[in-house]
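# A look at the structure
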Amino acid sequence: WYIMLERLSLEHFITVQSADLSWDAGINVLSGETGAGKSLILSALDILSGGKAGSAYVYPGAPKAVLEAVFRVPDYRIDALAAQGIDCGSDQTIV
């Protein structure tokens, strides 16, 4: 299996004061009304994977935004990630 996003935590990010999202194995679908936050989640993942961030992403009045993602990493990929300097601990990595 592949590296899987298990949890995404957002604090003071754009319009969200605090959110903790988790996913299960299998297919997960993001759906909702316009303005429900689907693009916000994708923006957070973009930043966590190296995209640009700036003060526009910080909730108004907050000193900073905090983003955290937890990924489940299969055993056969741990060595490849370690070679790139990414510590996976006991088969998870936190970004």
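Heads up: the structure comes first, above all this text.
In what follows, the accompanying structure is described.

Reading the values: the criteria
Residues numbered from 1 in each chain as written. Predicted model: local features only at pLDDT ≥ 70, side-chain atom pairs only at ≥ 80, totals over all residues. Heavy atoms only, no water. Salt bridge = Lys/Arg side-chain N within 4 Å of Asp/Glu carboxyl O. Helix = DSSP H or I, 4+ residues; strand = E, 2+ residues; numbered from the N terminus. Buried < 20%, exposed > 50% of the residue type's maximum accessible area, 1.4 Å probe, protein only. Polar contact = N/O pair within 3.5 Å; in protein donor to acceptor, adjacent residues only side chain to side chain. Contact = heavy atoms within 4.5 Å. Arc of directions from axis to C-beta. Phe/Tyr/Trp six-rings, centres within 6.5 Å; stacked < 30°, edge-to-face > 60°.

Okay, the pattern of salt bridges next. Inspection of every chain in the model, using the stated rule, returns three salt bridges. When the shortest N-O distance is used, the salt bridge between Arg72 and Glu6 registers 2.8 Å. Of this pair, Arg72 sits in strand E3 (residues 66–72) while Glu6 is found in strand E1 (residues 4–13), placing the two residues 66 residues apart along the sequence. Its relative accessible area of 19% is what places Glu6 among the buried residues. Measuring nitrogen to oxygen at the nearest pair gives 2.8 Å for the salt bridge that ties Glu68 to Arg7. Linking Glu68 in strand E3 with Arg7 in strand E1, this pair joins segments that are 61 residues apart in sequence.

Here Ser9 lies in strand E1. At 2.6 Å, the side chain of Ser9 and the side chain of Asp20 are in polar contact. Residues in contact with Ser9, not counting those within four places in the same chain, are Ala19, Asp20, Val66, Leu67 and Glu68.

Below, the discussion takes up helix H1 (residues 38–48). Burial in H1 covers these residues: Leu40, Ile41, Ala44, Ile47 and Leu48. Looking straight down H1, one finds that the buried residues subtend no more than 125° of arc, so they occupy a single side. Seen from the open side of H1, the exposed residues pointing more than 90 degrees away from its buried face are Ser39 and Leu42. The inward-facing, buried residues of H1 contact E1, strand E2 (16–22) and E3. Positioned one or two residues after H1, Gly50 has a phi angle of 110°, which is positive.

Now for the packing of aromatic side chains. The final tally for this structure, using the stated rule, is one aromatic pair. Here Phe13 and Tyr57 contribute two aromatic rings whose centre-to-centre distance is 5.8 Å and whose plane-to-plane angle is 5°, an arrangement assigned as stacked. Of this pair, Phe13 sits in strand E1 while Tyr57 sits in the loop between H1 and E3; the two residues are 44 residues apart in sequence, bridging distant segments of the chain. The buried category is assigned to Phe13, whose relative accessible area is 1%.

Take it as geometry only, folks, not as evidence of what the structure does.
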